[in-house]
Amino acid sequence: MMTNYRVAATVLIIIVAYLLGERPGTKYSTWQLTLDLENAQQNFVIWDKTKQDLLISGQLGMGLNLLGSRYQCSGQRSDSICIEWPGLAKLIIERKKYDADDECYDIVWQSLSAKVAPKDCFDTKDTHWYGGPEIFAQQWPIEGAPMNLQQYVSGDYVDKPHVFGSVLENYWLSSRGAGIHVAESVPLHYGINSEKLCLKADYRASIFPRSSQNVLPRLNYSICRAGNNLRDTHHFMSSGLFSKPKDIPDELMFRSPIWSTWARYKINIDQSVILKFANEIKDHGFSNSQIEIDDIYTINYGDFIFDTVRFSQARQMLRELHAMGFRVTSWVHPFSNLDSSAFQEGLKQGYFVKDPGGKMPGLVQWWQGTGAIVDSTNHKAVTWWTERLKAMQSLGIDSFKFDAGEACYLPASFHTIFPLMNPGQFTTAYVNMVAHFGRQIEVRAGFQSQQHPIFVRMLDKHSTWDYNNGLKTMIPTALQFSLLGYHFILPDMIGGNAYDFNATAETVGNTALLHTETLPERELYIRWLQLSAFFPSMQFSIVPWQYDDGVVEIAKAFVKLHEDYITPIILRLARQATQTGDPILRPLWWVAPNDAITHTIDNQFLIGDSILVAPVLEKGATARDIYLPEGNWVDKLRGERYRGGQWLHNVQADIKECPYFEKSPDP
């Protein structure tokens, strides 16, 4: 029987496990949860009694605007809290303690009405947040880049800046040390701004599947805190949420640059262009890990066969590239356009993701036309798709760049052979499928796929200086990948993709031709190049000799720095990541989690704990301010020593320089 629970907010303090649930001889909880049921907005606060400070605050049940009633829980711990809004929703809050310093609150909302979509929001005004999705205007921390509340599925933000990007996880971390994880089964909607981070469960306006129209949304998540700070909480949560990589990717991809045709040539490639490109790389004295043949080398999208007009001697071309010392990869995607022979074959055999009826393929619009998408949950479809790629390898293709894989390319009300409870699981299946091609591949999408020893590429960047998917988003995106457990980061092409958004597309057949003769600004290109040298891999397409000898000289110097100095450190950290799960690239708060200054720095980063990188990211700048966290640091450009915990102002960095520091055990 329910009892009315309308108690004044000044009196209503629920101290979960501290007063209600502890047993003699056990340690007291270090948390205190305050839930205000007198207010229809259900304000709540979790207080860290050890630090005597706020851990997290917000509002539960946004939009209910009614007072709930507490009832006797059934099947939960004695210290659980159960509240019901009759005919609308139920709320259960249950505490779980893992050891003396690690504990969580499990919060479960169950809608009881088709009109109710449970929604909780957390304050961001006095707390910084990290995690969630890759986005167009990526910032670090994430509350600086507002995103409207929308279905939480991976998307392609290159031409739709308002959607989420290719990599996301149901995980968020606050600077106060609170971590949030939402269950994969939740039809999640997510949004954030400078005041609130909101989570909502709603099947409406989403592609989240449900077994029947009678199923009502359930919002199920955990709020956790571990150890003494946000790094401790991250260790605790990531160890349970993300698999450690089983191995490291191909070592040559770490060491020497990848050379791609895409940004320089777009789809205007043929056999002579590829060989000319390779000869230029060799003639200018640059090393390589591989050369990548991008869009378009086939006649129709989906047919993994070289166009015999533009590539009349493909096998001979590949032999020549190998003789020049290049490994060769090619661009691959999961789509089969309507005019391809692959579409006809896949249609006949039932190899594509289907429409709601489960019989016909669900057609999707992607950036190069209309087609069907291979069902990566179908073992027979996977075999068919991969065998066709193996036929390309028999010609001499060494490996592949796997594009797309995001949930946004699933047809509406999709049907897969293996039922999915979350659209993100399609991305997981796609990456599982392509990972069979080994450690030399790259992907751009990720969801619960951290275990694979493959590079994950940032979604296409624009050739600008700003936060509109430009240079300033490179470090925030890298730190985002790192926090989500994707440690083998492939930055996008140096200088960005040189897209000309004012260009007019011509159409030949069903292929849209995108022309551009615009180079990224010289200074932007150089600063982008310098930053990329400190990432796990370097990728060129726009090439230094398209500018002048000065740029070529700078490029050679930073490729050498990457190969000789950075790569050995990164390889060691990559191997450690397979054991510890710790990222290669780290935010400054990793070594100084209690230093509030480090919580908001998004233009510096660490390689491991020992290398601090502070690139110049402002147009026209030849100096910048640099913050050194705790420890002793050596300026690798000048040889000067500094004690950490201080700002260095007006540090000089001319166009040939990128400031970086090495941690020293000596003062």
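From a predicted model like this one, the values you see are computed outputs, not experimental measurements.

A few words now on the overall build of the protein chain. Along the protein chain, the regular secondary structure elements total 11 helices and 36 strands. Relative to a compact globule of 667 residues, whose C-alpha radius of gyration would be 26 Å, the protein chain shows 26 Å and is just as compact. Projected onto the principal axes, the alpha-carbon positions of the protein chain cover approximately 80 × 70 × 45 Å. Evaluated residue by residue, the protein chain yields a buried proportion of 62% over its 667 residues. Considering only contacts in the protein chain between residues 6 or more positions apart, those separated by 24 or more positions represent 68%. If you sum the accessible surface of the protein chain, you get close to 25,100 Å²; carbon and sulfur atoms cover 50% of it. Of the charged side chains in the protein chain, 61 are positive and 72 negative; the average position of the first set lies 5 Å away from that of the second.

In this model helix 4 (residues 271-283) runs 18 Å from its N-terminal to its C-terminal C-alpha over 13 residues, within 8% of the 18 Å that 1.5 Å per residue would give. Turning to helix 4, its buried residues are Gln-271, Val-273, Ile-274, Leu-275, Phe-277, Ala-278, Glu-280 and Ile-281. In the segment just after helix 4, Gly-285 is the residue with positive phi, at about 80 degrees.

Turning our eyes to something else, we now look at the pairing of strand 9 (residues 129-133). Most of strand 9 sits inside the fold, with 5 of its 5 residues counted as buried. Bridge analysis of strand 9 against strand 11 (residues 168-174) gives 4 bridges, and the strand direction is antiparallel. Bridged to Trp-129 within strand 11 is Ser-174.

Looking now at the state of the cysteines. The full count for this structure, using the stated rule, is 3 disulfides. Paired by a disulfide, Cys-121 and Cys-198 hold their sulfur atoms 2.0 Å apart. The chirality of the disulfide connecting Cys-121 with Cys-198 is right-handed, given an S-S dihedral of about 110 degrees. Taken together, the residues Cys-121 in strand 8 (residues 119-123) and Cys-198 in strand 14 (residues 196-201) connect sequence positions 77 residues apart. Accessibility assignment for this pair places Cys-121 and Cys-198 in one class, buried.

Once that is clear, we can look at the side chain of Asp-102. Its place among the elements puts Asp-102 in the loop between strand 6 (89-97) and strand 7 (103-111). Despite being buried, Asp-102 has no salt bridge partner; Arg-225 is the closest side chain of opposite charge, sitting 6.3 Å away. A polar atom in the side chain of Asp-102 sits 3.4 Å from the backbone nitrogen of Gly-227. In this view, Asp-102 contacts Lys-97, Arg-225, Ala-226, Gly-227 and Phe-236; residues no more than four positions away in its chain are not counted.

Here, the residues flagged by UniProt with the feature "domain: Glycosyl hydrolase family 31 C-terminal" (unreviewed entry) are residues 581-662. End C-alpha to end C-alpha, residues 581-662 measures 23 Å, and it is 0% helix and 38% strand.

A word on the packing of aromatic side chains. Here a ring pair, both rings aromatic, is described through the centre-centre distance and the interplanar angle of the planes. Counted by the stated rule, this structure contains 47 aromatic pairs. The interplanar angle of 85 degrees and the centroid separation of 6.0 Å between the aromatic rings of Phe-44 and Phe-122 together place this pair among those described as edge-to-face. Placement of Phe-44 in strand 2 (residues 43-48) and of Phe-122 in strand 8 is noted, with a sequence separation of 78 residues between them. In this pair, the class of Phe-44 matches that of Phe-122, namely buried.

This brings us to the sheet that holds strand 30 (residues 605-607). Strand order in the open sheet formed by 6 strands is 29-30-31-36-33-34, with antiparallel pairing between adjacent strands. In the strand order of this sheet, the two ends are held by strand 29 (585-586) and strand 34 (641-643), each with one partner. Taken together, the 3 bridges between strand 33 (residues 632-635) and strand 34 define a ladder with antiparallel strand orientation. Following the sheet pairing, Val-634 is matched in strand 34 by Arg-641.

Our focus in this paragraph is the domain arrangement of the protein chain. Splitting the protein chain by domain gives domain 1 (32-241), domain 2 (269-332 + 379-581) and domain 3 (589-664). Taking the mean C-alpha position of each, domain 1 and domain 3 sit 34 Å from one another. Across the boundary between the two partners, domain 1 contributes 13 residues, which contact 9 residues of domain 3. In total, domain 1 and domain 3 occlude about 960 Å² of area from one another, counting both sides; carbon and sulfur atoms represent 62% of this. The largest per-residue losses of area from domain 1 upon contact with domain 3 belong to Trp-140, Leu-230 and Arg-231, which jointly make up 50% of the total buried on that side. Summed over the shared surface of domain 1 and domain 3, the result is 0 salt bridges.

Leu-321, Trp-385, Phe-402, Phe-534, Phe-605 and Ile-607 are the most contacted members of the largest nonpolar core, which has 149 residues in total. A per-element tally of this core places helix 11 (residues 549-580) first, with 14 residues. For Trp-385, the residues in contact, after removing those within four places along its chain, are Phe-304, Val-332, His-333, Pro-334, Val-374, Phe-402, Tyr-430, Met-433 and Val-434. One finds Ile-56, Val-116, Phe-122 and Tyr-190 within the second-largest nonpolar core, a separate group that totals 43 residues.

Regular strands show a simple pattern: their side chains alternate between the two faces of the sheet. Extensive coverage of strand 18 (residues 328-332) is indicated by the burial of 5 of its 5 residues. Alternating positions in strand 18 separate into two faces, Val-328, Ser-330 and Val-332 on one and Thr-329 and Trp-331 on the other, with burial throughout. Taken together, the 3 bridges between strand 17 (residues 290-293) and strand 18 define a ladder with parallel strand orientation. In the strand pairing of strand 18, Ile-291 is matched with Val-328. As a crossover connection, the stretch from strand 17 through helix 5 (residues 314-323) into strand 18 is right-handed. Pairing between strand 18 and strand 22 (residues 399-402): 4 bridges, direction parallel. If you follow Ser-330 over to strand 22, its bridge partner there is Phe-400.

The 3 strands lie next to each other as 19-21-20, forming an open sheet whose pairing is antiparallel. At either end of the open sheet lies a strand with only one pairing partner, and these are strand 19 (335-337) and strand 20 (364-366). Between one strand axis and the next, the sheet turns by 55 degrees as a mean value, whatever way the strands run. Note that strand 19 and strand 21 (residues 369-373) share 3 bridges and pair antiparallel.

A few words now on helix 10 (residues 522-532). Think of an α-helix as 3.6 residues a turn; residues three or four steps apart then line up on the same face. Burial runs high along helix 10: 9 of the 11 residues are buried. Where helix 10 is concerned, the buried positions are Leu-524, Tyr-525, Ile-526, Arg-527, Trp-528, Leu-529, Gln-530, Leu-531 and Ser-532. Elements in contact with the buried residues of helix 10: helix 9 (474-483), strand 28 (539-540), helix 11 and strand 30.

Considering the arrangement of structural elements, one finds Thr-383 in helix 7 (residues 379-395). Looking at Thr-383, the relative accessible area reads 44%, which means it is partly exposed. A sequence separation of 163 residues divides Thr-383 from Asn-220, and the C-alpha atoms of the two residues are 36 Å apart.

Conventions used here
Residues numbered from 1 in each chain as written. Predicted model: local features only at pLDDT ≥ 70, side-chain atom pairs only at ≥ 80, totals over all residues. Heavy atoms only, no water. Helix = DSSP H or I, 4+ residues; strand = E, 2+ residues; numbered from the N terminus. Rg over C-alpha atoms; globule rule 2.2 N^0.38 Å. Buried < 20%, exposed > 50% of the residue type's maximum accessible area, 1.4 Å probe, protein only. Contact = heavy atoms within 4.5 Å. Areas by Shrake-Rupley, 256 points an atom, 1.4 Å probe, with all protein chains shown as cover. Lys, Arg positive; Asp, Glu negative; His and termini not counted. Charge placed at Lys NZ, Arg CZ, Asp CG, Glu CD. Expected span 1.5 Å × (residues − 1). Pairing = 2+ DSSP bridges. Disulfide = S-S within 2.5 Å. Salt bridge = Lys/Arg side-chain N within 4 Å of Asp/Glu carboxyl O. Polar contact = N/O pair within 3.5 Å; in protein donor to acceptor, adjacent residues only side chain to side chain. UniProt positions renumbered as here; feature names shortened; annotations may be inferred. Phe/Tyr/Trp six-rings, centres within 6.5 Å; stacked < 30°, edge-to-face > 60°. Domains from an automatic or database assignment. Buried area = accessible area lost by both parts, 1.4 Å probe. Core = buried A, V, L, I, M, F, W, Y, C linked by side-chain atoms within 4.5 Å. Right-handed = clockwise from strand over helix to strand, strands pointing away. Axes fitted to C-alpha atoms, helices over the stretch in contact; angles between N-to-C directions.

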